[in-house]
Amino acid sequence: MRSGKTGLLPVLAKLSFGVYLLLAAVTLLICASGIILFFMTAAGHIYPEVRVEKTAVPVRDVNGVAVDSSGNLYVGSAGYSAIQVFDQEGHFLERICIPAYKAVSGSFAWRLEDGDRLVVYTFRDYDRLEIENGQAALTAHYEGRPAFEAAVEEAGLDLYDSGRTWQGSDGTVCRMDLLGRVHVTRPGQETASISLEVPHFPPPVPVCWMIAVCGMLMTVWLVLTAVRVEEYRSKMPRPQA
């Protein structure tokens, strides 16, 4: 920043120091809002037992994709401890809440088996559940984490595998963009044919952190600018009495 008459300092010096403090407070609020949104996103939902809800949630930490015999699409969202069901056009049908002690990747693994039977391995109690019509039946309990993880691996599932692109056993591919929208490409298609009908708030984690970082950088810049302006003012000739 130049200190000559053609620079910005003479212009910025016309603003009071309080203006800079107020702007810094605003940018700090922007930073805080990003952090709050992050916790809203990361917290997800935690459930003690299986139940079915008729409201959709944002897709977070996708941990599986499957298509049943009717063409309905199942998308696991570990970040919200749920498996959401959509029709062939991407319209939301229902949300199956999965027991979890923490809504993070690795809280449960799942798949559709013969007869569209939903099988879930939940880390909460080291259980294997079979879910049908919203009702869960306990089919196996594993004593301790090693036995549970071995069972998950034997079932051909990866408890900790999550990402932004997922492929179902029939070739259906789901891709999630940075804004949280999920685009579905059917087998034999080159481009996405539908987008899932899910809410986009709170925004995904990268967006939350971007808001927080931008707010912090703006705050630092304003504080440094205010200091430079005060230094410039101290060197300005004082008017003669």
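Every value quoted in this text rests on a predicted model; they were computed, and no experiment measured them.

A. Examining the side chain of S107 more closely. Along the chain, S107 falls in the loop between strand 5 (92-97) and strand 6 (108-113). The buried category is assigned to S107, whose relative accessible area is 2%. In this structure S107 touches A78, A100, K102, Y121, T122, F123 and R124, once residues within four positions along its chain are discounted.

B. Looking closely at the packing of aromatic side chains. Scanning the entire structure with this criterion turns up eight aromatic pairs. Note on F86 and F92: the rings are 5.9 Å apart at their centroids and 70° apart in plane angle, and the pair reads as edge-to-face. Taken individually, F86 and F92 each receive the classification buried, so the pair is uniform in this respect. Taken together, Y101, F123, Y126, Y142 and F148 form an aromatic cluster joined through their ring pairs.

C. Layout of the pairing of strand 5. As judged from the three bridges shared by strand 1 (residues 51-53) and strand 5, these two strands associate in the antiparallel manner. Counterpart to E53 in the pairing with strand 5 is R95. In this sheet, strand 5 lies alongside strand 4 (residues 82-86) in antiparallel orientation, the contact comprising five bridges. Bridged to Q84 within strand 5 is R95. Hairpin connection, strand 4 to strand 5: the antiparallel pair is bridged by five residues, and G90 has positive phi, about 90°.

D. Quick look at the environment of Y101. As for its placement among the helices and strands, Y101 is situated in the loop between strand 5 and strand 6. Those residues in contact with Y101 that lie beyond four places of it in its chain are I46, F123 and R124.

E. Geometry of the sheet that holds strand 4. Ordered in space as 1-5-4-3-2, the five strands form an open sheet in which the pairing is antiparallel. Each edge of the sheet is formed by a strand with only one pairing partner; in this case those strands are strand 1 and strand 2 (62-67). Averaged over all pairs of adjacent strands, the angle between their axes in this sheet comes to 20°, without regard to strand direction. In the sheet, strand 3 (residues 73-77) pairs with strand 4 via five bridges, with the strands oriented antiparallel.

F. Up close: helix 3 (residues 145-154). Where helix 3 is concerned, the buried positions are F148, A151 and V152. The buried side chains of helix 3 occupy one side of the element, clustering within an arc of 100° when seen end-on. When the buried face of helix 3 is taken as reference, the exposed residues oriented beyond 90 degrees from it are P146, E153 and E154. Where the residues of helix 3 are buried, they touch strand 6, strand 7 (117-122) and strand 8 (127-132).

Procedures and definitions
- What you see as residue numbers is a count from 1 along each chain, following the sequence as written.
- Reporting in this predicted model follows two pLDDT cut-offs: at least 70 for local features of residues, and 80 or more for side-chain atom pairs to be given and counted; totals over whole chains, interfaces and linings ignore these cut-offs and use all residues.
- Computation of side-chain values covers all heavy atoms of the structure but excludes hydrogens and water.
- Runs of H or I in DSSP of at least four residues are treated as helices and runs of E of at least two as strands, each being numbered from the N terminus.
- Under the scheme applied here, a residue whose accessible area is under 20% of the maximum for its type counts as buried, over 50% as exposed, and between as partly exposed, the area being computed with a 1.4 Å probe on protein chains only.
- We call two residues in contact whenever any of their non-hydrogen atoms come within 4.5 Å of each other.
- Side-chain rings of Phe, Tyr and Trp, where Trp is taken by its six-membered ring, are said to pair if the distance between their centres is within 6.5 Å; with planes under 30 degrees apart they count as stacked, over 60 as edge-to-face, and otherwise as tilted.
- For two strands to pair, DSSP has to find at least two bridges joining them.
- Helix axes are fitted to C-alpha atoms over the stretch in contact, other axes to C-alpha atoms as well, and angles between N-to-C directions run from 0 to 180 degrees.
- In this description, the arc belongs to the directions extending from the helix axis to the C-beta atoms.

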